[in-house]
Amino acid sequence: MSFLFGGGRPQPSSAEKIAAAETEIDMVTEMFNRIVRSCTTKCVQNDYREGELNKAEGVCLDRCVSKFFEVTMKVSEKMQSEGAAKAAAGGTGGGMFSM
């Protein structure tokens, strides 16, 4: 009951912490797989003439990953600001498909 009297929100249980950690690992793994799939397709030739990446491939991969993170951050910021605006306007924040 301490959360009712200024103690903050209730602490999550161990099971909730584990579930949150598993969800976070799944999200990071999915993002990594999307980066690898997208940037490899764009930057690395399929004929594999050399055992190592050449300079052009390395630069391309570096730029591709950088752009991927930049876009991901911009989308995240936009979604957060829209969510905050809806919350401030008294919206229920019913999710992506609410009208």
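Residues numbered from 1 in each chain as written. Predicted model: local features only at pLDDT ≥ 70, side-chain atom pairs only at ≥ 80, totals over all residues. Heavy atoms only, no water.

In the annotation of an unreviewed UniProt entry, the chain is listed under the name Mitochondrial import inner membrane translocase subunit and assigned to Trichodelitschia bisporula. The Sequence similarities (unreviewed entry) comment attached to the chain in UniProt states, word for word, "Belongs to the small Tim family." Quoted straight from UniProt, the Subunit (unreviewed entry) entry for the chain says "Heterohexamer; composed of 3 copies of TIM9 and 3 copies of TIM10, named soluble 70 kDa complex. Associates directly with the TIM22 complex, whose core is composed of TIM22 and TIM54. Interacts with the transmembrane regions of multi-pass transmembrane proteins in transit." (UniProt positions renumbered as here; feature names shortened; annotations may be inferred.)

## Some thoughts on the state of the cysteines
Counted by the stated rule, this structure contains two disulfides. At a sulfur-sulfur separation of 2.0 Å, the disulfide partner of Cys-39 is Cys-64. Taking the sign of the S-S torsion, -85° for the link of Cys-39 and Cys-64, the bridge is left-handed. Here Cys-64 lies in helix α2 (residues 55–88) and Cys-39 lies in helix α1 (residues 14–43), a separation of 25 residues in the sequence. In this structure Cys-39 comes out as buried when scored by relative accessible area, which is 1%. Paired by a disulfide, Cys-43 and Cys-60 hold their sulfur atoms 2.0 Å apart. With the S-S dihedral at roughly -65°, the linkage between Cys-43 and Cys-60 falls on the left-handed side. (Disulfide = S-S within 2.5 Å. Helix = DSSP H or I, 4+ residues; strand = E, 2+ residues; numbered from the N terminus. Buried < 20%, exposed > 50% of the residue type's maximum accessible area, 1.4 Å probe, protein only.)

## Looking at the packing of α1 against α2
Put simply, α1 and α2 touch, their axes get as near as 9 Å, and they point 140° apart. By the criterion of interaxial angle, the relationship of α1 to α2 is oblique. In this structure, the crossing between α1 and α2 has a hand that is right-handed. Here α1 contributes Met-31, Arg-34, Ile-35, Cys-39, Thr-40, Lys-42 and Cys-43 to the contact with α2, which in turn contributes Glu-57, Cys-60, Leu-61, Cys-64, Val-65, Phe-68, Phe-69 and Thr-72. Grouping the amino acids of the contact of α1 with α2 by side-chain chemistry returns 10 nonpolar, two polar and three charged. (Axes fitted to C-alpha atoms, helices over the stretch in contact; angles between N-to-C directions. Parallel < 35°, antiparallel > 145°, perpendicular 65-115°, else oblique. Left-handed = near helix turned anticlockwise from the far one by under 90°. Contact = heavy atoms within 4.5 Å. Nonpolar A, V, L, I, M, F, W, Y, C, P; charged D, E, K, R; others polar.)

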